[in-house]
Amino acid sequence: MFFLALLIMGVGLLFIVSPRYVTHNSNRRMMDRTASRWIGYSLIMMSCLFLIMGVLQMLDQASHHMDH
């Protein structure tokens, strides 16, 4: 689970830190750069939420085993 979240974070960082080939003449490339950043930030946020939900699930399982 943690490996998968780290993999998704890595892909998100690749979207954010992609090479800067934007020129002032090319508005389309600038829009692609903005979309790429949004995709990267979204992947990082989703993987953080994935990690939080995984930790909560493990805590829930641990507390369930303590009661029985």
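The structure we're discussing is the one just above.
Residues numbered from 1 in each chain as written. Predicted model: local features only at pLDDT ≥ 70, side-chain atom pairs only at ≥ 80, totals over all residues. Heavy atoms only, no water.

Our focus in this paragraph is the side chain of Ser47. By the element assignment, Ser47 lies in helix 2 (residues 27-67). By relative accessible area, Ser47 is classed as buried at 1%. Ignoring anything within four residues of it in the chain, the contact list for Ser47 reads Ala5, Ile8 and Met9. (Helix = DSSP H or I, 4+ residues; strand = E, 2+ residues; numbered from the N terminus. Buried < 20%, exposed > 50% of the residue type's maximum accessible area, 1.4 Å probe, protein only. Contact = heavy atoms within 4.5 Å.)

Turning to its location among the elements, Ser36 is positioned in helix 2. On the basis of relative accessibility, which here comes to 13%, the residue Ser36 falls in the buried class. Every residue in contact with Ser36, bar those within four places of it in the chain, is listed here: Phe15 and Ser18.

Keep in mind these numbers describe shape, not what the thing actually does.
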